[in-house]
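# A structural walkthrough
The chain contents come next:
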Amino acid sequence: TMNPLAALDSGTTLSEGNLKATQANLGAIPATMAVTSGKWYWEVRCEQVGSNHLGIGVVDIDNFDCENYVGSDTYGWNIHALSGKKYHDASTVGSNVGSFANGDVMGVAVDVDNDDIWFSENGTWTEGDPAAGTGASHTNLSGTICPAIGSASSSTRWVCNFGQEGTFNGNETAGGNADENGYGDFLNSVPSGFLALCTANLDTPAVIPSE
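In this report, we go over the structure that sits alongside the text. All chains use their own residue numbering, which begins from 1 and follows the written sequence. This being a predicted model, a pLDDT of at least 70 is required before a residue's local features are given, and a value of 80 or more before pairs of side-chain atoms are given or counted; all residues contribute to the totals for chains, interfaces and linings. The side-chain quantities take in all heavy atoms of the structure and omit both hydrogens and water.

All right, on to the packing of aromatic side chains then. Stacked, edge-to-face and tilted are the three classes for Phe, Tyr and Trp ring pairs, Trp counted by its six-membered ring, which pair at centre distances within 6.5 Å; planes under 30 degrees apart are stacked, over 60 edge-to-face, the rest tilted. Under the definition given, this model contains five aromatic pairs. When the centroid spacing of 6.2 Å and the interplanar angle of 40 degrees are considered together, the rings of Trp42 and Phe162 count as tilted. In this pair, Trp42 is assigned in strand E4 (residues 39-48) and Phe162 in the loop between strand E13 (156-161) and strand E14 (195-196), connecting sequence segments 120 residues apart. Grouping residues by exposure puts Trp42 and Phe162 together as buried. When the centroid spacing of 6.5 Å and the interplanar angle of 85 degrees are considered together, the rings of Tyr69 and Tyr87 count as edge-to-face. Numbering of helices and strands runs from the N terminus; a helix is a DSSP stretch of H or I covering at least four residues, while a strand is a stretch of E covering at least two. For each residue, the accessible area found with a 1.4 Å probe, counting protein chains only, is set against the maximum for its type, and the residue is called buried under 20%, exposed over 50%, and partly exposed in between.

What follows is the structure in structure tokens.
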């Protein structure tokens, strides 16, 4: 889910099991799980894009400042949901990939091993092909990677799905798409080789608490 402690810093109200966010101020919210390896997929429904910079992407959670938007510094990589621009270190990266509207469902595929990230709009990848490992929107990810969303303005609303709830609070008809391990209920197809970001897909810890 999204992290309720970080939501306090960004002036955001979380609901629906910490999957829905209503944002009133400048800031960003990371999720509760971060990774240093593997390939991962999740979705975000844009309920209200707002006037400026609803950024959907990832951050290096060890260094990111929740009081700014995703992509505002060297520790964040995003796609701007209103304009389709991509931001890293407060600068645009590459070409604009179009614009997005309220009600659009965006997919995020991250290959942490190769430092790449892709974005989709309503099931269609805006650039490249994550399953083939080509044409990523950002190719310089680093650090401990964590999903994050945030805005540079007020009046934004969005709902995340890390595989728990494919209807986005009843606003979509669930697609019933799982990852290759059988986990998740996603609206759109999970790219081959990518997994839902959930504890079931994490490696078994070497240390057993009961021992």
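Moving on, there is more to tell.
Okay, the pairing of strand E3 (residues 27-30) next. Across the two faces of E3 the burial is the same, with Gly27 and Ile29 and Ala28 and Pro30 all buried. Bridging between E3 and strand E12 (residues 145-151) involves four bridges; their strand directions are antiparallel. In the strand pairing of E12, Ala28 is matched with Gly150. In this analysis, strands are considered paired if DSSP registers two or more bridges between them.

On to the environment of Ala196. In this structure, Ala196 sits in strand E14. The spacing of Ala196 and Gly84 is 112 residues in sequence and 24 Å in space, taken between C-alpha atoms. It only takes one pair of heavy atoms within 4.5 Å for two residues to be counted as in contact. In this structure Ala196 touches Trp40, Tyr41, Phe162, Asp179, Tyr183, Phe186 and Asn201, once residues within four positions along its chain are discounted.

All right, on to the pattern of salt bridges then. Each reported salt bridge corresponds to a side-chain nitrogen of Lys or Arg within 4 Å of a carboxyl oxygen of Asp or Glu. This model, assessed by the stated rule, comprises five salt bridges. Where Glu172 meets Arg45, a salt bridge forms, and the shortest distance between an N and an O atom there is 2.9 Å. Residue Glu172 is found in the loop between E13 and E14, and its partner Arg45 is found in strand E4; the two are separated by 127 residues along the sequence. Accessibility expressed as a relative area gives 22% for Glu172, which makes it partly exposed. Here Lys86 makes a salt bridge to Glu127, at a shortest N to O gap of 2.9 Å. Note that Lys86 is positioned in strand E7 (residues 86-88) and Glu127 in the loop between strand E11 (124-125) and E12, a separation of 41 residues in sequence. Given the relative accessible area of 3%, Lys86 is considered buried. Through salt bridges with shared partners, a single ionic network connects Lys20, Arg45, Glu47, Arg157 and Glu172.

Let us look at the pairing of E12. Across the seven residues that make up E12, a large majority, seven, are buried. Neither face of E12 is exposed, since Ile145, Pro147, Ile149 and Ser151 on one face and Cys146, Ala148 and Gly150 on the opposite face are all buried. The sheet contact formed by strand E5 (residues 54-60) and E12 spans seven bridges and is antiparallel. Along E12, the bridge assignment pairs Asp60 with Ile145.

Turning next to the side chain of Asp60. Looking at the secondary structure, you find Asp60 in strand E5. Contact partners of Asp60, with chain neighbours within four places excluded, come to Tyr75, Trp77, Ser142, Gly143 and Thr144.

Here the focus is unusual backbone geometry. Positive phi, close to 50 degrees, is recorded for Asn122, a residue that is not glycine. Following the sequence through the fold, Asn122 ends up in the loop between strand E10 (116-121) and E11. Of note, the phi angle at Phe168 is positive, near 55 degrees, even though the residue is not glycine. Its place among the elements puts Phe168 in the loop between E13 and E14.

The strand order E3-E12-E5-E6-E7-E8 describes an open sheet built from six strands, whose pairing is antiparallel. Two strands lie at the open edges of the sheet, namely E3 and strand E8 (91-92), each paired on one side alone. As judged from the five bridges shared by E5 and strand E6 (residues 76-80), these two strands associate in the antiparallel manner. What sits directly across from Gly55, in E6, is His80.

Interpretation in functional terms is not warranted from these geometric data alone.
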